[in-house]
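Structural characterization, general
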Amino acid sequence: MSNPYDGLADAGEEKHWAFGTGFTAALSDVDRVVPSSVDRDDLVAYCLMLGDDALVYSQRLAEWCSRAPELEEDVALANIALDLLGQARLLLTRAGEVEGAGRDEDALAYLRDERGFRNVRLVEIDCGPGEGGDFAATIARLLVFSAWRLALFQRLTESVDPVLAAVAAKGVKELAYHRDHAAQWTLRLAGGTAYSRERVIAGLARVWPYVDELFTPHPVETRLAAAVDPATLRSEVDGVLDTVFDAAGLERPDVEQIAPVAGKAGRDGVHTEAMGYLLAEMQHVARSMPGALW
Amino acid sequence: MSGSSWPLYEVFVRGKRGLNHVHVGSLHAPDDEMALRNARDLYTRRNEGVSIWVVRASAITASSPDEKDPFFAPSGDKVYRHPTFYDIPEDVPHL
């Protein structure tokens, strides 16, 4: 064998890659017709909600790129960010095509203002790596978010919208890994040194105020036939988190929840102060140079 | 970065139709379980594999370059150890 990686290639597969073959295009064989039982406007809003959760959180995780505490962890967080970016692309594309106003995934990601974003506030808060940033808080958020989103996507695989069901089926495998990664780190930080334990406890307390919002349904999530009502996920997610906490010898944080603003929260486009800074960084190149390609 | 504080692991990956695990590189990890996960993230992100082995580099006993000649040179002139004097049927794979 001239190239040691030949042993990793499929027989008869493309050889122009150094290694790794047999790629498939996500959702290429899925029926994209909206079922008659599904309200189109609500479906657009729902795809934006789930898509924005992934897009904004992906942006936050990508901030760790080149700044994680270890090289290996750097790649792990970037992989997770890329998985979520892939989910965001599929969901924003679906929102754009059902809306029918000519907006594609890029227009939705880069040209909406803060009030147009429908993500939960948990994903937008700043856990680092910048000033005040903390790896343990990053892991705590990943644990909560991926446990919640995995439970949601497992239900969503049964959605009457075939595209949502397919996005969910693809995402379940990714999210199961994200949750495992976060759980593994939670165990190690909690069981490491007194200092690492203190940090993970503080990290959980930092993200916990945004947990109730994950299970508070927006009217779209309750009435859309293709959606999952997040209120139905609470006991399952609590059970998963309690299992991790038990194994790590941690208590579930007892902290006050961040209230909605005049009854409105992330799903209504009402965000925290951190959101504007995040969008400025994420959107400024696309807005400064519209239509630029490279 | 303080990767040197974690032990070094060697990573072996088996491709989808590969017959054996191939050494693809190394990484640092705090323990065996995390090494496996780091290997997944570092070495299978382009759809390379279906199975991973990780082993602590310190657990590998390797031949020394200084011993290259006594180890390997004596087999260089023993062509009779190869089955080149047999007729190999066309339909026998992986021989």
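Residues numbered from 1 in each chain as written. Chains lettered and ligands numbered in written order. Predicted model: local features only at pLDDT ≥ 70, side-chain atom pairs only at ≥ 80, totals over all residues. Heavy atoms only, no water.

As recorded by an unreviewed UniProt entry, chain B carries the name Ring-1,2-phenylacetyl-CoA epoxidase subunit PaaB and is attributed to Actinokineospora iranica.

Going by the annotation in an unreviewed UniProt entry, the name recorded for chain A is Ring-1,2-phenylacetyl-CoA epoxidase subunit PaaC, with Actinokineospora iranica given as the source organism.

Some remarks on the overall build of chain B
This is how it is decided: What counts as a helix is a DSSP run of H or I of at least four residues, what counts as a strand is a run of E of at least two, and both are numbered from the N terminus. Every radius of gyration here is taken over C-alpha atoms, with the globule rule written as 2.2 Å times N^0.38, N being the number of residues. Think of it in three bands: with a 1.4 Å probe and only protein chains considered, a residue is buried below 20% of the maximum accessible area for its type, exposed above 50%, and partly exposed in between.
Helix and strand content of chain B: two helices and three strands. Seen in sequence order, chain B has helices and strands lined up from the N terminus as β-β-α-β-α. Relative to the globule expectation of 12 Å for 95 residues, the C-alpha radius of gyration of chain B, 19 Å, shows a markedly less compact shape. Sorting the 95 residues of chain B into buried and exposed places 25% on the buried side.

What about the packing of helix α1 (residues 40-62) of chain A against helix α2 (residues 71-99) of chain A?
The packing of two helices is summarised by the inter-axis angle and the distance between the axes. All names here are of chain A. Cut-off, in case you're wondering: To obtain an axis, a line is fitted to C-alpha atoms, over the contacting stretch when the element is a helix, and the angle between two such axes runs from 0 to 180 degrees between their N-to-C directions. The cut-offs work like this: below 35 degrees is roughly parallel, past 145 is roughly antiparallel, 65 to 115 is roughly perpendicular, and the gaps in between are oblique. The hand of a helix crossing depends on one turn: near helix anticlockwise from the far one by less than a right angle means left-handed, and clockwise means right-handed. Side-chain classes follow a simple rule in which Ala, Val, Leu, Ile, Met, Phe, Trp, Tyr, Cys and Pro form the nonpolar group, Asp, Glu, Lys and Arg form the charged group, and the remainder, Gly included, forms the polar group.
Packing of α1 against α2 leaves a shortest axis separation of 7 Å and a crossing angle of 155°. Judged on the interaxial angle alone, α2 and α1 are roughly antiparallel. Where α1 crosses over α2, the two elements pack in a sense that is left-handed. Split by residue class, the contact of α1 with α2 holds 20 nonpolar, three polar and five charged.

Things to note about the layout of surface pockets
Filter applied, for reference: We place a 1 Å grid over just the protein atoms. Points where a 1.4 Å probe fits but has no way out form a cavity, open points with protein on both sides within 12 Å along at least 5 of 7 lines form a pocket, and any residue with an atom within 4 Å of a point lines it. Grid points are joined across faces, edges and corners, and a volume is the space filled by probe spheres set on the points.
When its volume is computed, the largest pocket comes out at roughly 980 Å³. Taken together, 24 residues make up the lining of the largest pocket; nearest its centre are D83(A), K170(A), E174(A), R45(B) and N47(B). The set of elements that each furnish at least two residues to the lining of the largest pocket consists of α2 and α5 (162-190) of chain A together with α1 (32-43) and β3 (49-56) of chain B. For the lining of the largest pocket, the leading source of residues is α5(A), giving five residues. A class-by-class count of the residues in the lining of the largest pocket yields nine nonpolar, seven polar and eight charged.

Here we look at the packing of aromatic side chains
Residues and elements named next belong to chain A. We apply this condition: Any two rings among Phe, Tyr and Trp, with Trp reduced to its six-membered ring, count as a pair given centres within 6.5 Å; such a pair is stacked if its planes are under 30 degrees apart, edge-to-face if over 60, and tilted if neither.
Applying the stated criterion across every chain, the model contains seven aromatic pairs over all chains. Ring geometry for W64 against F135: centres 6.1 Å apart, planes inclined by 80°, an arrangement best described as edge-to-face. Linking W64 in the loop between α1 and α2 with F135 in helix α4 (residues 135-156), this pair joins segments that are 71 residues apart in sequence. Of the residues examined, F135 reaches a relative accessible area of 11% and is grouped as buried. Aromatic side chains W208 and F245 sit 6.0 Å apart centroid to centroid with 55° between the ring planes, which places their arrangement in the tilted category. Here F245 lies in helix α9 (residues 234-248) and W208 lies in the loop between α6 (194-207) and α7 (211-214), a separation of 37 residues in the sequence.

Quick notes on the nonpolar core
All names here are of chain A. Where we set the bar: What is meant by a nonpolar core is a set of buried Ala, Val, Leu, Ile, Met, Phe, Trp, Tyr and Cys residues, joined one to another through side-chain atoms within 4.5 Å. In this analysis, two residues are considered to be in contact whenever any of their non-hydrogen atoms come within 4.5 Å of each other.
In this structure, Y46, L152, F153 and L156 are the most contacted members of the largest nonpolar core, which totals 99 residues. Counting residues per element, this core draws most heavily on α4, at 16 residues. Contact partners of F153, with chain neighbours within four places excluded, come to L50, Q87, V167, A168, G171, V172 and L175.

A few points about the sheet that holds β3(B)
Residues and elements named next belong to chain B. We count it as follows: Between any two strands, at least two bridges found by DSSP are needed for them to pair.
Taken in spatial order, the three strands make up an open sheet running β2-β1-β3, and their pairing is antiparallel. Strands with a single pairing partner mark the edges of an open sheet, and in this sheet they are β2 (22-28) and β3. The sheet shows a mean angle of 30° between the axes of neighbouring strands, direction not considered. Where strand β1 (residues 8-15) and β2 come together, six bridges link them in antiparallel fashion. Residue pairing for β2: V13 is matched across the bridge by V22.

Concerning α9(A)
All names here are of chain A. What counts here: The span you would expect from a helix comes to 1.5 Å times its residue count less one. This arc is taken over the directions from the axis of the helix to the C-beta atoms.
Between the first and last C-alpha of α9 there are 21 Å, a value that for 15 residues agrees with the 21 Å anticipated at 1.5 Å per step. Looking at α9, one finds that the buried residues are V237, D238, L241, V244, F245 and A248. Buried positions in α9, seen along its axis, are confined to an arc of 125° and lie on one side of it. For α9, the exposed residues set more than 90 degrees away from the buried face come down to S235, T243, D246 and A247. Summarising the contacts, the buried residues of α9 are in contact with α4, α5 and α6. In the segment just after α9, G249 is the residue with positive phi, at about 70°.

Brief notes about a nonpolar patch on the surface
Residues and elements named next belong to chain B. In plain terms, the rule: Like charges within 9 Å and nonpolar side chains (Val, Leu, Ile, Met, Phe, Trp, Tyr) within 5 Å are joined into patches, using only residues over 30% in relative accessible area that form no salt bridge. Exposure was quantified through the Shrake-Rupley algorithm and a 1.4 Å probe, taking into account, for residues, occlusion by the shown protein chains and nothing else. A pairing counts as a salt bridge when a side-chain nitrogen of Lys or Arg comes within 4 Å of a carboxyl oxygen of Asp or Glu.
Taken together, the side chains of V79, Y80 and F85 make up a nonpolar region of the molecular surface, amounting to roughly 380 Å² of accessible area. Tracing the sequence through the fold places Y80 in the segment after α2 (68-72). Owing to a relative accessible area of 56%, Y80 belongs among the exposed residues under this scheme.

What about the environment of Y195(A)?
All names here are of chain A. Basically, it comes down to this: Counted as a polar contact is a pair of N or O atoms within 3.5 Å, where, for protein atoms, one must be capable of donating a hydrogen and the other of accepting one, and residues adjacent in sequence contribute only when both atoms are in side chains.
Position of Y195 among the secondary structure elements: in helix α6. Looking at Y195, the relative accessible area reads 51%, which means it is exposed. Sequence separation of Y195 and L111 is 84 residues, and the distance between their C-alpha atoms is 43 Å. Of note is the side chain of Y195, whose polar atom sits 2.9 Å from the side chain of R199.

Overview of the pattern of salt bridges
All names here are of chain A. Evaluation of the coordinates by the stated rule reveals 25 salt bridges over all chains. Residue R267 pairs with D53 through a salt bridge whose shortest N-O separation is 2.9 Å. Of this pair, R267 sits in the loop between α9 and α10 (274-288) while D53 sits in helix α1, and the two are 214 residues apart along the sequence. When sorted by exposure, R267 lands in the same class as D53, which is buried. Between R252 and D242 there is a salt bridge; the shortest N-O distance is 2.7 Å. Taken as a pair, R252 in the loop between α9 and α10 and D242 in helix α9 lie far apart in primary sequence, ten residues in all.

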